[in-house]
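Topology and contacts: notes
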Amino acid sequence: MSGQPQVPFSLAMSSVSGSAPFVALVFDDGAAVSLHSVRALATELGLVVPQGTVFDLVEDWERAFPALCVLVNALAYSKTAQGHRGNFVAEDLLTMERLLPEARQTFRIGDGPVRALPASVQVGASASVLLDDAMKEAQPNLCLGAVIGRMCRRVDATNARHAIAGWALATELVRTGENGLTRCSAPGSLILGPLFVPAPFAEGLFDGEALLALTGAPAQTRQVKGLAEGLEDQIAALSEYSLLLPGDVIVSGPSANPSLFAADQIDTIEAVAGGFGRQTVSLF
């Protein structure tokens, strides 16, 4: 397997038929396999399989990512792995759960003041969200989430970029306040995932578009690279007064279009970006 091209992959927190959430490796052809189901193969090949949730992997990303790369290439190229292909399923058969529910800090940065959001704002990419009074007037907005993979304190933009372990599609719900658009802190106001795309594999996806549809009707289109524009500088500035740790999420992107529908007028939010997966969330 030495010298073979690296096979790109993403990570997801998934479940099947109400099972406990588990980490799945997801490939660009739509195939997915749980880390647990390939442990026997890894043992046979003398490989180490990182354990835990996606958050656990990100916490130890400098060791977990190389180990995952070796494992993925073994699945792709090893003849021994051919007998394990029955463990793969179509990505669409998995239920996508909350990607990083253990995140200690979530920050929203962009064209307004930085806002620290509680962990409870995050929901999975196939969730159902019950709107509270603060959420009913909120508007959906496409964003991008950068997940920190190493401790980050008073760094420059170059080191801030190297601190990003990977990326995830994000949709936030923002509402209009006295001073313009403000972030919501209500549970369910940040949809993250479904996929965590390691930074080296995300670079080729930034030329694509992210699309948002509300109740089945197209509502917003963003260039992915536009959602991440200037993020390194913003993370560097944030690190001047906040200690960023592995697993922290930095949500970036311009403010919502005030002409979009309010959440209480919407049945479903759908968002998709090539390589980042699809979000389908129901609002009640």
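These numbers were taken from a predicted model, which means no experiment stands behind them. (Residues numbered from 1 in each chain as written. Predicted model: local features only at pLDDT ≥ 70, side-chain atom pairs only at ≥ 80, totals over all residues. Heavy atoms only, no water.)

With respect to the pattern of salt bridges
Applying the stated criterion across every chain yields a total of seven salt bridges. In this structure, Arg-104 engages Glu-59 in a salt bridge whose closest nitrogen and oxygen atoms are separated by 2.3 Å. In this pair, Arg-104 is assigned in the loop between β5 (95–96) and β6 (106–109) and Glu-59 in helix α2 (residues 54–59), connecting sequence segments 45 residues apart. Residue Glu-59 is classed as partly exposed on the basis of its relative accessible area of 34%. (Salt bridge = Lys/Arg side-chain N within 4 Å of Asp/Glu carboxyl O. Helix = DSSP H or I, 4+ residues; strand = E, 2+ residues; numbered from the N terminus. Buried < 20%, exposed > 50% of the residue type's maximum accessible area, 1.4 Å probe, protein only.)

Some remarks on the packing of aromatic side chains
Applying the stated criterion to the full structure yields seven aromatic pairs. Centroid distance Phe-9 to Phe-201: 5.2 Å. Interplanar angle 65 degrees. Geometry classified as edge-to-face. Taken together, the residues span a long stretch of sequence, with Phe-9 in the segment before β1 (10–15) and Phe-201 in helix α5 (residues 199–202) at a distance of 192 residues. Comparing Phe-9 with Phe-201 shows no difference in burial state: the two are buried. (Phe/Tyr/Trp six-rings, centres within 6.5 Å; stacked < 30°, edge-to-face > 60°.)

Re the sheet that holds strand β9 (residues 128–129)
Taken in spatial order, the five strands make up an open sheet running β9-β19-β18-β15-β16, and their pairing is mixed. Either end of the sheet is taken by a strand with one partner, and the two such strands are β9 and β16 (217–223). Looking at chain direction, strand β18 (residues 268–273) and strand β19 (residues 277–283) are connected through six bridges and run antiparallel. For Val-272, the partnering residue across the bridge sits in β19 and is Arg-278. (Pairing = 2+ DSSP bridges.)

A short note on the environment of Ala-273
Among the structural elements, Ala-273 can be located in strand β18. For Ala-273, a relative accessible area of 2% puts it in the buried group. Remark: the alpha-carbon pair of Ala-273 and Leu-205, spanning 68 residues in sequence, is separated by 8.5 Å. In this structure Ala-273 touches Leu-169, Glu-209, Ala-210 and Val-224, once residues within four positions along its chain are discounted. (Contact = heavy atoms within 4.5 Å.)

Describing the sheet that holds strand β4 (residues 89–90)
Pairing in this open sheet of five strands is antiparallel, and the strands run β4-β3-β2-β1-β5 from one edge to the other. Each edge of the open sheet is held by one strand with a lone partner, namely β4 and β5. The pairing of strand β2 (residues 22–26) with strand β3 (residues 31–34) spans three bridges and is antiparallel. The partner of Ala-24 across the bridge, within β3, is Ser-34. Helix α3 (residues 61–77) rests against β1, β2 and β3 of the sheet, and its axis sits at about 55 degrees to β2. (Axes fitted to C-alpha atoms, helices over the stretch in contact; angles between N-to-C directions.)

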